[in-house]
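Residues per chain, in single letters:
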Amino acid sequence: MGRVIVFGSLSQDLHLAMDRHPGPGETVMSGDIEYRFGGKGANQAVAAARAGAPSWFIGRVGEDPHGREYVERLGRYGVDTSRLAIDPTAPTGTAIIYLNHEGENMIVVAPGANARVSEDDLALLDDCGPGDVLMVQLELDLDVVAAAVRKAAGQGARVIINTAPYAALPADVLDLADPVIANEHEARLLAESGAEPRSLLITLGTEGSRWGELTAPAERVEVVDTTGAGDAYCGTLAARLCLGDDPATAMRAASAAASRNVTHPGAQPPLPEA
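What comes next concerns the included structure. Given the structure is predicted, the values throughout are model-derived calculations rather than measurements.

**Observations concerning the overall build of the protein**
Next, step 1: A count of helical and extended segments in the protein gives 7 helices and 14 strands.
Next, step 2: Over its C-alpha atoms the protein spans a radius of gyration of 18 Å, differing by no more than 12% from the 19 Å that the globule rule assigns to 274 residues.
Next, step 3: Seen through its C-alpha atoms, the protein measures out along the principal axes to roughly 50 × 45 × 40 Å.
Next, step 4: Counting the 274 residues in the protein, one finds 52% classified as buried.

Here you go:
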């Protein structure tokens, strides 16, 4: 069986709940701060493990309590952390998430150790090959992400690129992905940039997702928190493709996972029982 290898970011999330998001120059009151766990890479690795695929994570945490706790947490989800480095030169990445009463969020990210992921870390992909799926996002240095994609694809692995947060990637890198996953906003920016991915999957929120001629509906659920829904989709899709599902079946599983993910607070589901 192949593996889902997530080359990406993780962060300690600080959640602030409020009635509405502040405007420019405005102060609003929040409830108590809540500490949670996120980062697109870690969220996707958790989703892949929960979807049944061997899930490996390549990235960096700080040499601090948050980082050590995160390594232990990922292990409890079933994510292999043997290639997750503890970096003494930077704190664990942090995201501040502003959540209004409708479940919509605004996010500010301080990358910390995520910004120390470099091309030196690409050696951890030396054994990546046919049967494996490399999953990347764009919260790391873009040149390093591009190099990881080229390396894994050159060794025969399938590559999935999630274009979040949006940034321009070279055309040859986008063409190596099957698929590129973008939400509606990111897909519009891709089109405006002139990029034409050969395989583009667009997530459509409550309307489901579309991959070429294939579509998958989203389940109707009561929304608690939309943080991490896209990551649940991406990680699950990667897992199901890795496990041999056809694209339509993988999309349906990914849509179901994304819908479940908005029914609980935070980007990741509650920890499994020890």
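**A short note on the sheet that holds strand β8 (residues 105-110)**
Next, step 1: Strands sit in the order β3-β2-β7-β8 across an open sheet of 4 strands; the sheet is mixed. Each end of this open sheet is capped by a strand with a single partner; those strands are β3 (34-38) and β8. The average angle at which neighbouring strand axes cross in this sheet is 25°, direction not considered.
Next, step 2: Bridge analysis of strand β2 (residues 11-17) against strand β7 (residues 94-99) gives 6 bridges, and the strand direction is parallel.

**A closer look at the pattern of salt bridges**
Here the idea is simple: oppositely charged side chains can pair when their charged atoms come close.
Next, step 1: Here the structure, examined in full by the defined rule, presents 12 salt bridges.
Next, step 2: The closest approach of N and O atoms between Lys40 and Asp231, which form a salt bridge, is 3.7 Å. Of this pair, Lys40 sits in helix α1 (residues 40-50) while Asp231 sits in helix α6 (residues 229-242), and the two are 191 residues apart along the sequence.
Next, step 3: Residue classification places Lys40 among the partly exposed residues on the basis of a relative accessible area of 21%.
Next, step 4: The buried category is assigned to Asp231, whose relative accessible area is 4%.
Next, step 5: Arg150 is the partner of Asp172 in a salt bridge, and the nearest nitrogen-oxygen pair spans 2.9 Å. Here Asp172 is found in helix α4 (residues 171-175), whereas its partner Arg150 is found in helix α3 (residues 142-154), with 22 residues between them in sequence.
Next, step 6: Overall, Asp172 belongs to the partly exposed group, its relative accessible area being 37%.
Next, step 7: In the salt-bridge network here, residues are joined through shared partners; they are Arg3, Arg83, Asp127 and Asp132.

**A short note on the side chain of Gln44**
Next, step 1: With respect to the helices and strands, the residue Gln44 is situated in helix α1.
Next, step 2: Polar contacts involving the side chain of Gln44 include one to the side chain of Asn162, which spans 3.2 Å.
Next, step 3: Gln44 has contacts with Val6, Met135, Gln137, Asn162, Asp231, Cys234 and Gly235, leaving out every residue within four places of it along the chain.

**Details of the packing of α6 against helix α7 (residues 247-261)**
Next, step 1: Look at α6 against α7: their axes get within 8 Å of each other, and the N-to-C directions meet at 150°. As far as their axial angle goes, α7 and α6 are roughly antiparallel. Crossing handedness for the pair α6 and α7: right-handed. Across the interface between the two elements, Ala229, Ala232, Tyr233, Thr236, Leu237, Arg240 and Leu241 of α6 pack against Pro247, Ala250, Met251, Ala253, Ala254, Ser255, Ala257, Ala258 and Asn261 of α7.

**So, the pairing of strand β4 (residues 55-62)**
Next, step 1: Most of β4 sits inside the fold, with 7 of its 8 residues counted as buried.
Next, step 2: Looking at chain direction, β4 and strand β5 (residues 79-80) are connected through 2 bridges and run parallel. Residue pairing in the sheet places Trp56 in a bridge with Asp80 of β5.
Next, step 3: In this fold, the crossover linking β4 to β5 by way of helix α2 (residues 65-77) has right-handed handedness.
Next, step 4: By the bridge criterion, 4 bridges tie β4 to strand β6 (residues 84-87) in an arrangement that is parallel. In the strand pairing of β6, Arg60 is matched with Ala85.

**Remarks on a negative patch on the surface**
Next, step 1: Together, Glu119, Asp120, Asp141 and Asp143 give the surface a local cluster of negative charge.
Next, step 2: If you trace the backbone, Asp141 turns up in the loop between β9 (133-136) and α3.
Next, step 3: Residue Asp141 is classed as partly exposed on the basis of its relative accessible area, which comes to 39%.

**Considerations on the packing of aromatic side chains**
Next, step 1: If you walk through the whole model with that rule in mind, you get 1 aromatic pair.
Next, step 2: Ring geometry for Phe37 against Tyr70: centres 5.0 Å apart, planes inclined by 80°, an arrangement best described as edge-to-face. Of this pair, Phe37 sits in strand β3 while Tyr70 sits in helix α2, and the two are 33 residues apart along the sequence.
Next, step 3: The exposure class assigned to Phe37 is buried, which follows from its relative accessible area of 9%.
Next, step 4: A cation over a ring is seen here: Arg3 above Trp56, with NZ or CZ 5.0 Å from the ring centre.

Conventions we followed
- Residues numbered from 1 in each chain as written.
- Predicted model: local features only at pLDDT ≥ 70, side-chain atom pairs only at ≥ 80, totals over all residues.
- Heavy atoms only, no water.
- Helix = DSSP H or I, 4+ residues; strand = E, 2+ residues; numbered from the N terminus.
- Rg over C-alpha atoms; globule rule 2.2 N^0.38 Å.
- Buried < 20%, exposed > 50% of the residue type's maximum accessible area, 1.4 Å probe, protein only.
- Pairing = 2+ DSSP bridges.
- Axes fitted to C-alpha atoms, helices over the stretch in contact; angles between N-to-C directions.
- Salt bridge = Lys/Arg side-chain N within 4 Å of Asp/Glu carboxyl O.
- Polar contact = N/O pair within 3.5 Å; in protein donor to acceptor, adjacent residues only side chain to side chain.
- Contact = heavy atoms within 4.5 Å.
- Parallel < 35°, antiparallel > 145°, perpendicular 65-115°, else oblique.
- Left-handed = near helix turned anticlockwise from the far one by under 90°.
- Right-handed = clockwise from strand over helix to strand, strands pointing away.
- Patch = residues over 30% accessible without salt bridge, like charges linked within 9 Å, V, L, I, M, F, W, Y side chains within 5 Å.
- Areas by Shrake-Rupley, 256 points an atom, 1.4 Å probe, with all protein chains shown as cover.
- Lys, Arg positive; Asp, Glu negative; His and termini not counted.
- Charge placed at Lys NZ, Arg CZ, Asp CG, Glu CD.
- Phe/Tyr/Trp six-rings, centres within 6.5 Å; stacked < 30°, edge-to-face > 60°.
- Lys NZ or Arg CZ within 6 Å of the ring centre and 35° of its normal.

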